Each structure stands twice: as structure tokens, then as C-alpha cells.
Amino acid sequence: QVRNTVLINAELRILKCVVQGVPVDISANHVGGACSFAFLDYIDRVIGSNHLFKRTILLVKCWCAYESHTLGSGSGLMATYAVECMILCVFFLF
């Protein structure tokens, strides 16, 4: 079930919708997003430990979104990539 479909017609077009209660952003023809995903996937493989890096990103992003309400660059809050970069820094500090 897909609902609340909105097309953001900006420099990078984004289709925002809710799929079975989960907010989803879809973009196309954007090399930067694919490169970011490839980079974070590579870091996850380097760290190993049963996808510890990806699981940490999910945990922190959920906390930021639902508990501290600090996630959401569209409303002047932190971007998800900023959170991912901060987690990466913490991993490499320890």
C-alpha cells in the first residue's frame, strides 16, 4: 500500500511516499547517491562484525528520527548523510 505520494521538483527530483507505514524517498539519475551507498557498503565490509556499521547507522537514525527529533534536512535538521559520517568518525576513533 503506497500513500501520501509527493514529487519534490528541485534540482534533484525526489518522490516521497509512505509504503506500508514506512517513509520512502526515491530519486533517479543521481550518481552521488549511488556513490554514497557504495562507499558506506565498502566501509561496512571493512569493519565486518556481522554488518555492525549498517546496524549502528539504522539504530542511530531511528533514534534521531523518533526520539530526539533531530533528523530531517528538509525541515532544517540534520541530514541522514551527516549522521552516517558522524558514525563513521566514531568507528574510526575507536
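Please refer to the structure higher up on the page.
Residues numbered from 1 in each chain as written. Predicted model: local features only at pLDDT ≥ 70, side-chain atom pairs only at ≥ 80, totals over all residues. Heavy atoms only, no water.

Draft legend 1. How the structure looks around the packing of aromatic side chains. Evaluation of the coordinates by the stated rule reveals one aromatic pair. Measuring from ring centre to ring centre gives 5.4 Å for Phe 53 and Phe 91, while their planes differ by 85°; the resulting arrangement is edge-to-face. Of the two residues, Phe 53 sits in helix α2 (residues 52–66) while Phe 91 sits in helix α3 (residues 80–93), which places them 38 residues apart along the sequence. For Phe 53, a relative accessible area of 0% puts it in the buried group. For Phe 91, a relative accessible area of 22% corresponds to the partly exposed category. (Phe/Tyr/Trp six-rings, centres within 6.5 Å; stacked < 30°, edge-to-face > 60°. Helix = DSSP H or I, 4+ residues; strand = E, 2+ residues; numbered from the N terminus. Buried < 20%, exposed > 50% of the residue type's maximum accessible area, 1.4 Å probe, protein only.)

Draft legend 2. Focus on the nonpolar core. Listed in full, the eight residues of the largest apolar core are Leu 40, Ile 43, Phe 53, Ile 57, Cys 64, Val 83, Ile 87 and Leu 88. Of all the elements in the fold, those that place two or more residues in this core are α1 (31–47), α2 and α3. Leu 88 has contacts with Phe 39, Ile 43 and Phe 53, leaving out every residue within four places of it along the chain. (Core = buried A, V, L, I, M, F, W, Y, C linked by side-chain atoms within 4.5 Å. Contact = heavy atoms within 4.5 Å.)

Draft legend 3. Structural context of the pattern of salt bridges. A full pass over the atoms with the stated rule returns four salt bridges. Between Asp 25 and Lys 16 there is a salt bridge; the shortest N-O distance is 3.1 Å. One salt bridge in this structure joins Glu 84 and Lys 61, with 3.1 Å as the shortest N-O distance. On the criterion of sequence distance, the pair formed by Glu 84 in helix α3 and Lys 61 in helix α2 is long-range, its members being 23 residues apart. You can call Glu 84 buried: its relative accessible area is 10%. Salt bridges here are not isolated pairs; linked through shared partners, they connect Asp 41, Arg 45 and Lys 54. (Salt bridge = Lys/Arg side-chain N within 4 Å of Asp/Glu carboxyl O.)

Draft legend 4. Local environment of the sheet that holds strand β3 (residues 22–27). The strand order across the open sheet formed by three strands is β1-β2-β3, and the pairing between neighbours is antiparallel. For this open sheet the edge positions go to β1 (2–8) and β3, each flanked by a neighbour on one side alone. When the angles between neighbouring strand axes are averaged without regard to direction, this sheet yields 20°. (Pairing = 2+ DSSP bridges. Axes fitted to C-alpha atoms, helices over the stretch in contact; angles between N-to-C directions.)

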